[in-house]
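Spelled out, the chains give:
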Amino acid sequence: LRHLLLVRLEPTDSSISFVTKQLLKFPWHDPSQQCGALICKVMLKACRKGRYKAIAAVAAVAANVRRNKPEVAARLIDTCMEEIQWAMEHPNFRDQQRTITYARLLGEMYASSLITG
């Protein structure tokens, strides 16, 4: 999963469709695996620790996965909003880059129609 989102994911259509297809092959029916939570966690890590240009690709993958598994998009939006709210309530100099990353991810999710105005 980390390899898919941190290494293989690039802002190209072929890469986005490949990663989406691979994510849908995970064992979603097994509740002990908690695929939705794990995928959301790694998507956010890919935005924070990965390449800055991959944020648009992460939003596109989330939009594609949403068609079959709406849990991932809901968790991603909720977590992103919570992180931005926490950063606004507890301003810290070392968290500024992370907050900018989450704000850009939120904007990219809006652009890919995951969030409605």
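Only a predicted model underlies this, so the values are computations on that prediction, with no experimental measurement involved. Position numbers for residues start from 1 in each chain and track the written sequence from start to end. With the structure being a predicted model, the display of local features is reserved for residues of pLDDT at least 70 and the display and counting of side-chain atom pairs for 80 or more, all residues being used for whole-chain, interface and lining totals. For the side-chain quantities, the full set of heavy atoms in the structure was used; hydrogens and water were omitted.

(A) Representation of unusual backbone geometry within the structure. Notably, glutamine 34 is not glycine yet its phi reads approximately 50°, a positive angle. Secondary-structure assignment places glutamine 34 in the loop between helix H2 (13–24) and helix H3 (35–49). Positive phi is not limited to glycine here, since serine 113 has a value of about 65°. By secondary structure assignment, the location of serine 113 is in the segment after helix H6 (96–111). Each helix is a run of DSSP H or I of at least 4 residues and each strand a run of E of at least 2, with the numbering of both proceeding from the N terminus.

(B) Main features of the state of the cysteines. Sulfur atoms of two cysteines make up a disulfide when they are within 2.5 Å. In total, this model carries zero disulfides according to the counting rule given. No disulfide involves cysteine 35; its nearest neighbouring cysteine sulfur is the one of cysteine 40, lying 13 Å away. Residue cysteine 35 is classed as buried on the basis of its relative accessible area, which comes to 7%. Working definition: with a 1.4 Å probe on protein chains only, accessible area under 20% of the residue-type maximum means buried, over 50% means exposed, and in between means partly exposed.

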